[in-house]
Amino acid sequence: MKRLCQQHRSLSSFLPSVLGSSRRGSFRRMSSPEAKDPFCQAKLAIDELIRRYNSQLSMCESVRRWRTLPTAPRRDPGDVQFTLMCYNILAQDLLEMHGDLYDRHDSVALSWPHRYDRLMAEINLVRPDILCLQELQDDHREQFSNGLANFNYGVLYKKRTGDKPDGCAIFFRRDLFELVDYQDVEYYQPSVKLLDRENVALIAKLQVKGNPTQR
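Nothing here was measured: the structure is a model prediction, and the numbers come from that model.

(A) Layout of the overall build of the chain. Within the chain, the regular secondary structure consists of six helices and six strands. When its helices and strands are written in sequence order, the chain yields α-α-β-α-α-α-β-α-β-β-β-β. Taken across its 215 residues, the chain has 30% of its residues classed as buried. Long-range pairs, those at least 24 residues apart, make up 60% of the contacts in the chain with a sequence separation of at least 6. Of the roughly 15100 Å² of accessible surface on the chain, a fraction of 52% belongs to carbon and sulfur atoms.

Printed below as a string of structure tokens:
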């Protein structure tokens with residue numbers, strides 16, 4: 001490490017010393033003159049970021065593994081197969097309201113621009129014919145509709161009752177389905193213990209276009 005620092009000491013003026021710090025104190029304590037060398041600090045900072053990334057990646061792979069299931073047999077040759085994706089996306093306002101639950105997470109990963117990009121990437125990977133979202137924030141509806149414009153989705157949305165900032169939504173491909181009917185449901189009943197929260201639901205009846213018998 002000392003030889004590496006000496007070879008690149010000329011780069012020190014271009015590297016901010018803040019790169020060598022860590023709010024959790026996880027970087028190795030360096031002795032002088034290493035402690036004063038920005039390149040050494042940057043090298044340790046990058047090593048720590050790589051270690052944290054690999055640790056998080058390993059954790060995600062161990063917890064979340066996709067399985068490919070065999071195609072279900074068709075009961076009738078005329079059956080239409082479609083994909084459905086159901087996703088609780090965690091409303092940003094709720095995340096920030098309960099920040100203590102996420103204080104061990106990377107703050108960059110918790111920012112809405114980052115989360116929105118990752119959600120769009122995931123949805124575009126699956127390309128569902130029907131997409132059901134929970135905790136879609138009311139003021140993010142237009143952003144989602146614009147981001148999914150190429151799917152030609154029809155959209156249903158029901159905001160949670162009270163002062164809650166989010167709700168649930170159903171996106172469905174308008175070239176594949178026709179909306180026959182829908183009903184929103186408000187669960188809140190203050191006198192019933194299991195229903196004393198501002199939860200809602202959406203129920204939609206969709207008809208396959210070109211085949212009125214399939215709903």
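(B) The arrangement of unusual backbone geometry in detail. The residue E135 is not glycine, and still its phi comes out positive at about 60°. Along the chain, the position of E135 falls in strand β2 (residues 130–137). Not every positive phi belongs to a glycine, and N152 is a case in point at roughly 55°. By the element assignment, N152 lies in the loop between α6 (141–147) and β3 (153–159). Assessed through its relative accessible area of 33%, N152 is described here as partly exposed.

(C) Spotlight on the pattern of salt bridges. Scanning the model with the defined rule gives five salt bridges in all. Between D129 and R173 there is a salt bridge; the shortest N-O distance is 2.6 Å. On the criterion of sequence distance, the pair formed by D129 in the loop between α5 (112–126) and β2 and R173 in strand β4 (residues 166–173) is long-range, its members being 44 residues apart. Judged by its relative accessible area of 24%, R173 falls in the partly exposed class. Of the charged contacts in the structure, one is a salt bridge between E186 and K158, with a shortest N-O distance of 2.8 Å.

(D) Highlighting the nonpolar core. Among the nonpolar cores identified, the biggest contains 17 residues, and I123, L131, L133, L136, F144, L148 and F171 are the most heavily contacted of them. Put simply, the parts of the chain that give this core at least two residues each are α5, β2, β3 and β4. Per-element accounting of this core gives the leading share, five residues, to α5. With residues near it in sequence (within four places) discarded, F171 still touches D129, I130, L131, L133, L136, F144, S145, L148, Y153, G154 and V155. The next biggest cluster of nonpolar side chains, apart from the first, holds 12 residues, and it includes I130, F172, L176 and L206.

(E) Spotlight on α5. The end-to-end C-alpha separation of α5 is 21 Å, in line with the 21 Å expected for 15 residues at 1.5 Å each. Those residues of α5 that fall on the buried side of the exposure criterion are W112, R115, Y116, L119, M120, E122 and I123. Buried residues in α5, looked at end-on, bunch into an arc of 165°, giving them a common side. For α5, the exposed residues lying more than 90 degrees away from the buried face are P113, R118 and L125. Packing partners of the buried residues in α5 comprise β1 (84–88), α3 (92–97), α4 (107–110), β2 and α6.

(F) Layout of the confidence of the model for the chain. On average, residues of the chain score 79 in pLDDT, and 74% of them are at 70 or above. For residues 1–30, every residue scores under 50 in pLDDT, and the model assigns this stretch 41 contacts once sequence neighbours within four places are set aside.

Cut-offs used in this document
- Residues numbered from 1 in each chain as written.
- Predicted model: local features only at pLDDT ≥ 70, side-chain atom pairs only at ≥ 80, totals over all residues.
- Heavy atoms only, no water.
- Helix = DSSP H or I, 4+ residues; strand = E, 2+ residues; numbered from the N terminus.
- Buried < 20%, exposed > 50% of the residue type's maximum accessible area, 1.4 Å probe, protein only.
- Contact = heavy atoms within 4.5 Å.
- Areas by Shrake-Rupley, 256 points an atom, 1.4 Å probe, with all protein chains shown as cover.
- Salt bridge = Lys/Arg side-chain N within 4 Å of Asp/Glu carboxyl O.
- Core = buried A, V, L, I, M, F, W, Y, C linked by side-chain atoms within 4.5 Å.
- Expected span 1.5 Å × (residues − 1).
- Arc of directions from axis to C-beta.
- pLDDT = per-residue confidence, 0-100.

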